Amino acid sequence: ARLSAAQVSIAEPFAYTITADFFGNVLYTDTQFVDVLPRLDGRLVFSYTDIAIANSNSAANHWSPDVVAPGVITFTTPDGTVQGRDSVTITVSGIISNDVAAQQGVTFSNALTLSFFHDGVAYDYTDTVSAEVKEPILGLHKAVTPAGGIDAAATLTYTLAVTHAAASNATAYNVVITDVV
């Protein structure tokens, strides 16, 4: 499996790709990919928005996703068999949620297991991909003019400035500033 980026921003689309090759003109049974979606601090932080599946032997093998449990997607054929030769590419697109656990610099991982039987022997292959959360770090400054010599009839002008901190380069979404005067 591989991710489309080493750093992933909150709420920005990204994708990861799963690939597998089934060699030879043989039958693989009880075949499935189990994709455990990223969690941070025990909370699911990834929401998928699209799943695309392509395979080279689509006449014999009809792959489909199934969400069997929250945060787990299983990909398999209707009867779990795969007729080799087949090359499968699954692309899962989605976003990292704006969750309290998804903070700047935190690494999340996506785990995948491919299981099947061939000639009566069980095979399990695992892979994990990781990326770092890239989140904006914002600063807020409030200024007032005039700063002094104010009387009851004076007009005050408040200026709010929102800026990125020096190490921040991620786009901020849904920023809400409440100014109580």
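The model shown is predicted, which means the values in this text are computed figures rather than measured ones.

With that settled, the discussion passes to the nonpolar core. By size, the foremost hydrophobic cluster in this structure holds 29 residues, and its most contacted members are Phe22, Phe33, Ile96 and Phe108. Going through the elements one at a time, β3 (14-22), β4 (27-36), β9 (72-76), β11 (86-96), β12 (107-118) and β13 (121-134) are the ones with two or more residues in this core. Examining the composition of this core, we find that 5 residues originate from one element, β3, more than from any other. When near neighbours in sequence (up to four residues on either side) are disregarded, Ile96 contacts Val8, Ile10, Ala11, Phe14, Val45, Phe46, Ala102 and Phe108.

Before going further, it helps to spend a moment on unusual backbone geometry. Here the residue pair Gly84 and Arg85 is connected by a cis peptide bond, since its omega of -15 degrees sits within 30 degrees of zero. Tracing the chain through its elements places Arg85 in the loop between β10 (82-83) and β11. Following Thr145, the chain continues into Pro146 via a peptide bond in cis, with omega recorded as -5 degrees. In this structure, Pro146 sits in the loop between β14 (138-145) and β15 (157-164). Positive phi, normally seen in glycine, also occurs at Ala11, with a value near 70 degrees. You can call Ala11 partly exposed: its relative accessible area is 34%.

Let us look at the packing of aromatic side chains. Throughout the structure, instances matching the rule amount to 11 aromatic pairs. Residues Tyr16 and Phe46 carry aromatic rings whose centres are separated by 5.8 Å and whose planes lie at 55 degrees to one another, so their mutual orientation is tilted. Taken together, the residues span a long stretch of sequence, with Tyr16 in strand β3 and Phe46 in strand β7 (residues 46-55) at a distance of 30 residues. In terms of burial, Tyr16 and Phe46 fall into one category: buried. Put simply, the rings of Phe22, Tyr28, Phe33, Trp63, Phe116, Tyr123 and Tyr125 pair up and form one aromatic cluster. Positioned above the aromatic ring of Tyr158, the side-chain terminus of Lys142 is 4.7 Å from the ring centre.

About the criteria used
Residues numbered from 1 in each chain as written. Predicted model: local features only at pLDDT ≥ 70, side-chain atom pairs only at ≥ 80, totals over all residues. Heavy atoms only, no water. Core = buried A, V, L, I, M, F, W, Y, C linked by side-chain atoms within 4.5 Å. Buried < 20%, exposed > 50% of the residue type's maximum accessible area, 1.4 Å probe, protein only. Helix = DSSP H or I, 4+ residues; strand = E, 2+ residues; numbered from the N terminus. Contact = heavy atoms within 4.5 Å. Phe/Tyr/Trp six-rings, centres within 6.5 Å; stacked < 30°, edge-to-face > 60°. Lys NZ or Arg CZ within 6 Å of the ring centre and 35° of its normal.

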